[in-house]
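Tertiary structure, described
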Amino acid sequence: MKIIDAHIHYKPEYEPFNLVAENSGHKNTAEHLKAEFEKNNICHAIVMGNITADVKDHNYPDNMSYCIGFDSKCFVDLEKNYDYFVYMAEENLKRDNCVGIKLYPGYCHYYVYDKIYTPFYNLAKKYEKPVAIHTGAVSNPSALLKYSHPLTLDEAAVKFPNVRFVMCHFGNPFLADAAAVCEKNRNITIDISGLIEGNFDVNWYFKAKSGYVEILKAWLNYFGDYKRIMYGSDWPIVNIEKYIEVIKNIIPKENHQDVFFNNAVDIYNLKI
Ligand SMILES: [Zn+2]
């Protein structure tokens, strides 16, 4: 089965990512990732952009598309540079390999339904490209969970019914709230990236985390629409091979083709 990884971060040799990759049993180089993709039958990946909005900074290999991302490092002096960010969002969205927008609430201290994001949602609608939204746990202590809680996506999804949203990380660990929001709003698709970090033994994982795995399975099953769930890893934070193995075990076999491939093609309108 060919796989699309619908959520990675791609900055080869970028110092802060190097150690993260090593902790996952990887190396943060273009060559290593290419080899890992080949080994695991990953034919395409969606890069969640961050750090810079400048269209010139977003160049990726042919087997990658990207979402133009606006994280807390990117949104520097947001009020002063607001028009620049909206302009850059559009400059990126004009490109074929830019397949969406990525927002980072939690790290950015705005709710996703804040009017500050309205021009970005309007652009997503105009270019018919989805908006992926970080939800749930945050890796930086200065980030605020109240902004990244999956329940906040409800209001954005209602206000912008013609925008397709991607709820990244299934709101983990707020899984019950995430399932309720996604069940109610048909314009939200889930990506199940980043639920585990690092390198680990898969058998150990299923024993040590059996309670969590059962809860995760239960809420995915409650949500139940496997046409709206996409595989993603959140590279470089997790070992790719082992994460695929875990997710294959969690998603019912009859849904693998959709979750690991078809749904990402549909949601991100990939021409592959
Ligand atoms: Zn991510």
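Residues numbered from 1 in each chain as written. Predicted model: local features only at pLDDT ≥ 70, side-chain atom pairs only at ≥ 80, totals over all residues. Heavy atoms only, no water.

Quick word on unusual backbone geometry
- Geometrically, the link from Asn172 to Pro173 is a cis peptide bond, its omega value of 5° lying close to zero.
- Within the secondary structure layout, Pro173 lies in the loop between strand S6 (165-168) and helix H7 (175-184).
- Note the cis peptide between Trp235 and Pro236, where omega equals 10°.
- Positive phi is not limited to glycine here, since Ile51 has a value of about 75°.
- With respect to the helices, strands and loops of the structure, Ile51 is situated in the loop between strand S2 (42-48) and strand S3 (64-70).
- Of note, Asp234 is a non-glycine position whose phi angle comes to about 75°, a positive value.
- Following the sequence through the fold, Asp234 ends up in the loop between strand S8 (229-230) and helix H10 (240-250).
- Given the relative accessible area of 9%, Asp234 is considered buried. (Helix = DSSP H or I, 4+ residues; strand = E, 2+ residues; numbered from the N terminus. Buried < 20%, exposed > 50% of the residue type's maximum accessible area, 1.4 Å probe, protein only.)

Describing the packing of aromatic side chains
- In total, this model carries 22 aromatic pairs according to the counting rule given.
- Here Tyr111 and Tyr147 contribute two aromatic rings whose centre-to-centre distance is 4.6 Å and whose plane-to-plane angle is 55°, an arrangement assigned as tilted. Taken together, the residues Tyr111 in the loop between strand S4 (98-103) and helix H4 (118-127) and Tyr147 in helix H5 (residues 145-148) connect sequence positions 36 residues apart.
- Since its relative accessible area comes to 25%, Tyr111 is described here as partly exposed.
- On the numbers, 4.7 Å between centres and 50° between planes, the contact of Tyr121 with Phe160 is tilted. Placement of the pair is Tyr121 in helix H4 and Phe160 in the loop between helix H6 (152-159) and S6, with a sequence separation of 39 residues.
- Take Tyr121: its relative accessible area is 0%, and that puts it in the buried class. (Phe/Tyr/Trp six-rings, centres within 6.5 Å; stacked < 30°, edge-to-face > 60°.)

Comments concerning H10
- For H10, the complete set of buried residues consists of Ile240, Tyr243, Ile244, Val246, Ile247 and Ile250. Along H10, the residues classed as buried sweep out an arc of 165° about the axis, all on the same side.
- In the core, the buried residues of H10 are packed alongside strand S1 (3-8), helix H2 (30-39), S2, helix H8 (202-208), helix H9 (210-223) and helix H11 (256-267).
- Its side-chain oxygen placed 3.3 Å from the backbone nitrogen of Glu241, Asn239 serves as the N-cap of H10. (Arc of directions from axis to C-beta. Contact = heavy atoms within 4.5 Å. Polar contact = N/O pair within 3.5 Å; in protein donor to acceptor, adjacent residues only side chain to side chain.)

Thoughts on the side chain of His7
- Turning to its location among the elements, His7 is positioned in strand S1.
- A residue is classified by how much of its surface remains accessible, and His7, at 0% relative accessible area, is buried.
- Aside from chain neighbours lying at most four places away, what touches His7 is Ile46, Met48, Lys102, Cys168, His169, Asp191, Ser193, Gly232, Ser233, Asp234 and Trp235.

So yeah, pure geometry; function would need other evidence.
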